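# Understanding the architecture of this molecule
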Amino acid sequence: MTQSERTREEQRLTGVSRDRREGRRDAGRPPAGDNGTLGMKIQDLSAFYGGFKAVTDVSMDIRANKVTALIGPSGCGKSTYIRCLNRMHEVIPGARAEGSVTLGDQDIYAKGSDPVVIRRRVGMVFQKPNPFSKSIYENVAWGARINGFRGDVDELVERSLRQAALWDEVKDRLKESGYGLSGGQQQRLCIARTLAVEPEVILMDEPASALDPVSTQKIEDTMAELKKSYTVVIVTHNMQQAARISDYTGFFYIVNMGDPGRLWEFDETEKIFSNPERKETEDYVTGRFG
Amino acid sequence: MPRESFQQELDNLTGDVLNLGREVGASLENMVRAMETGDEELAARELGVDVRYKARGAELDRDSMILQARQAPVARDLRLLYTVQSVTNHLVRTGALSEHICHALAETAGAERDEDLEASLVEMARTARNIFNEGLDIFEHRDIDRARDLQAKDDKVDLLYSEAMNLIANPSDSGAGAPEWRMRAALMVHYLERIADHGVDIGGSTVFLVTGQRIEDAMRQYLERDINRDGE
């Protein structure tokens with residue numbers, strides 16, 4: 001049997017072309033058959049640090065009220081990419097982004113788009129908990145106040161802390177410093193602070209990497225609740241965490257050292273962790289990478 | 001390569017499954033030979049092997065579960081462990097069925113037989129053994145091209161099954177064989193049909209292992225594809 005006959009026969013047997021099985025597919029294309037509401041649409045996004053292109057040509061549809069996890073080896077541009085989604089990337093001197101990121105009907109990189117407003121609509125939680133040197137109450141209330149919140153602040157603080165699954169642990173010590181909380185509690189306080197300004201999308205950059213397993217589990221449980229009201233995008237190095245909590249997973253990859261990171265495969269999490277299209281993705285999620 | 005020790009454990013587990021498969025294959029060979037030659041002593045030597053196979057199957061299941069718990073496998077590793085458990089189950093069941101047939105052969109030693117029915121049984125046993133061996137070979141070499149052909153070969157077993165059941169239901173006036181033997185023959189026909197199915201399923205499990213697709217889905221896509229092509 002010739003190679004082409006063998007390929008045709010293989011395709012007849014499995015119903016899947018070799019191209020598709022080996023992943024020669026546009027990684028940015030939304031997963032087939034998905035009809036969820038669009039949260040953000042990213043098209044041809046590239047990110048630079050001065051002259052260095054760190055991320056290239058990422059296109060991705062982020063579904064509303066779903067958790068999208070971004071995984072990939074260190075240095076492949078995941079954190080750079082996520083920071084482009086609320087214009088935090090450009091805060092670094094010399095850093096810039098090209099392409100379009102649409103939130104609702106607004107391109108956040110369009111001329112006249114206010115980064116401060118964007119960052120209110122797209123909140124961010126960082127790897128290391130970074131509460132303000134203020135009381136637990138003020139940590140939550142402050143951001144909302146400076147954003148012009150005119151409602152019942154007590155109610156806002158309670159609601160935000162409840163959504164972050166922290167209320168029961170801190171309700172009797174709201175006036176105490178946020179620094180007095182454990183690492184896991186501080187991280188949930190940061191989530192509550194993000195929620196208080198009522199964003200549409202929450203970005204999380206390795207939010208549990210510095211936490212113990214119990215605190216990590218609480219953060220993961222919180223995320224499962226949050227997606228009922230928010231769109232969540234999380235960068236994580238913990239593959240099992242991505243598998244547990246996310247609905248969609250994007251795998252970022254660098255072909256050669258010094259190349260920009262690319263979105264190599266993007267699909268439903270179930271697919272990525274059971275039968276990914278591309279060999280590199282499978283090597284990474286099974287730990288055979290490197 | 002990272003995770004070398006995990007890979008080694010997976011390789012060892014797969015090797016253990018193949019070894020069990022070869023032992024079950026040897027039991028099938030003895031069963032076929034006993035049937036071909038009327039060697040009831042050979043059949044009797046196979047009695048009790050199912051207990052050993054079940055114990056080995058339980059060990060393999062345990063090893064697989066421990067690997068799942070310790071290594072949190074995903075993607076191809078997860079498919080491999082799932083397939084290993086599935087194939088192990090097929091091997092253990094095949095071993096038990098082979099033992100049941102040997103038991104029937106040993107217990108009906110010397111009983112008068114229907115020559116036509118006996119010939120059908122022998123033909124069916126050879127075919128079932130071949131399908132089982134091929135299924136195991138497909139698993140060992142991940143040779144999914146042959147899995148679909150195996151499904152077609154099983155059609156022959158289904159035909160032989162119908163033929164044998166017809167002979168059992170409609171015995172000839174002369175040479176119908178002893179009633180006890182006829183009754184046992186009906187059971188053996190059923191067991192052989194199941195052994196062939198287990199062989200086909202081992203091949204089908206390999207399709208899932210390699211492609212992540214169930215062979216049934218792959219076959220349906222293949223058939224729909226041809227229908228669509230015909231409609232063009």
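Source: prediction; values computed, not measured.

### Thoughts on the side chain of A:Asp61
Mapping A:Asp61 onto the fold places it in strand S2 (residues 52–63). Of the polar contacts made by the side chain of A:Asp61, one reaches the side chain of A:Lys41; its length is 2.9 Å.

### Here's the deal with the UniProt feature "domain: PhoU" (unreviewed entry) in chain B
Residues and elements named next belong to chain B. Per the UniProt entry, the sites bearing "domain: PhoU" (unreviewed entry) are residues 18–103 and 121–203 in this numbering. Helix makes up 91% of residues 18–103 and strand 0%. Its end C-alpha atoms lie 25 Å apart. The annotated region residues 121–203 carries 86% helix and 0% strand content, and the separation between its end C-alpha atoms amounts to 24 Å.

### Quick look at the nonpolar core
Within the largest apolar cluster, 57 residues are counted, with the highest numbers of intra-cluster contacts made by B:Met31, B:Met35, B:Leu91, B:Ile101 and B:Leu192. Of all the elements in the fold, those that place two or more residues in this core are helix H1 (4–37), helix H2 (40–45), helix H3 (49–71), helix H4 (75–107), helix H5 (115–141), helix H6 (145–169) and helix H7 (179–211) of chain B. The dominant element in this core, judged by the number of residues it contributes, is H1(B), at twelve residues. Beyond its immediate sequence surroundings of up to four residues, B:Leu91 is in contact with B:Val17, B:Leu20, B:Gly21, B:Val24, B:Phe132, B:Leu136 and B:Ile202. Core analysis: the next-biggest nonpolar cluster, separate from the first, contains 46 residues, A:Ala141, A:Leu161, A:Leu166 and A:Ile245 among them.

### Quick notes on H5(B)
Look at H5(B): 39 Å from first C-alpha to last across 27 residues, which is about the 39 Å you get at 1.5 Å a residue. Between the side-chain oxygen of the N-cap and the backbone nitrogen of B:Asp116 there are 2.9 Å, and the N-cap of H5(B) in question is B:Asp114.

### With respect to the sheet that holds strand S5 (residues 106–107) of chain A
Residues and elements named next belong to chain A. Across the sheet, four strands lie side by side as S2-S1-S4-S5; this open sheet has antiparallel pairing. Taken across any chain shown, the strands that pair with only one partner, and hence form the sheet edges, are S2 and S5. Judged from the eight bridges that link them, strand S1 (residues 38–49) and strand S4 (residues 95–103) form a sheet pairing that is antiparallel. Pairing of Tyr 49 across the sheet is with Ala 95, part of S4.

### Observations regarding the packing of H6(B) against H7(B)
All names here are of chain B. Taken N-terminus to C-terminus, the directions of H6 and H7 make an angle of 170°; their axes are 10 Å apart at the nearest point. As the angle between them shows, H6 and H7 are arranged roughly antiparallel. Contacts from Ala 147, Leu 150, Gln 151, Asp 154, Val 157, Asp 158, Tyr 161, Ala 164, Met 165, Leu 167 and Ile 168 of H6 reach H7 at Arg 182, Ala 185, Ala 186, Val 189, His 190, Glu 193, Ala 196, Asp 197, Gly 199, Val 200, Gly 203 and Val 207. For the contact of H6 with H7, the residue count by class is 14 nonpolar, four polar and five charged.

### A word on the layout of surface pockets
All names here are of chain A. Here the second largest pocket is characterised by a volume of approximately 510 Å³. Lining the second largest pocket we find 18 residues, and of these Arg 119, Arg 120, Asn 147, Arg 193 and Val 197 sit closest to its centre. Elements that contribute at least two residues to the lining of the second largest pocket include exactly helix H4 (115–121), strand S6 (122–125), helix H5 (136–146) and helix H8 (183–196).

### Things to note about the confidence of the model for chain A
Mean pLDDT for chain A: 87, with 88% of residues reaching 70 or above. Contacts of residues 6–25 of chain A to residues separated by more than four positions or lying in other chains number 44 contacts, the stretch itself having pLDDT below 50.

### A look at the packing of H4(B) against H7(B)
Residues and elements named next belong to chain B. One way to put it is that H4 packs onto H7 with a least axis distance of 9 Å and a crossing angle of 165°. Between H4 and H7, the angle is such that the two are roughly antiparallel. Note on packing geometry: the crossing formed by H4 with H7 is left-handed.

Definitions and cut-offs
- Residues numbered from 1 in each chain as written.
- Chains lettered and ligands numbered in written order.
- Predicted model: local features only at pLDDT ≥ 70, side-chain atom pairs only at ≥ 80, totals over all residues.
- Heavy atoms only, no water.
- Helix = DSSP H or I, 4+ residues; strand = E, 2+ residues; numbered from the N terminus.
- Polar contact = N/O pair within 3.5 Å; in protein donor to acceptor, adjacent residues only side chain to side chain.
- UniProt positions renumbered as here; feature names shortened; annotations may be inferred.
- Core = buried A, V, L, I, M, F, W, Y, C linked by side-chain atoms within 4.5 Å.
- Buried < 20%, exposed > 50% of the residue type's maximum accessible area, 1.4 Å probe, protein only.
- Contact = heavy atoms within 4.5 Å.
- Expected span 1.5 Å × (residues − 1).
- Pairing = 2+ DSSP bridges.
- Axes fitted to C-alpha atoms, helices over the stretch in contact; angles between N-to-C directions.
- Parallel < 35°, antiparallel > 145°, perpendicular 65-115°, else oblique.
- Nonpolar A, V, L, I, M, F, W, Y, C, P; charged D, E, K, R; others polar.
- 1 Å grid on protein atoms, 1.4 Å probe; cavity = no way out; pocket = protein on both sides within 12 Å on 5 of 7 lines; lining within 4 Å.
- Points joined across faces, edges and corners; volume = space filled by probe spheres on them.
- pLDDT = per-residue confidence, 0-100.
- Left-handed = near helix turned anticlockwise from the far one by under 90°.

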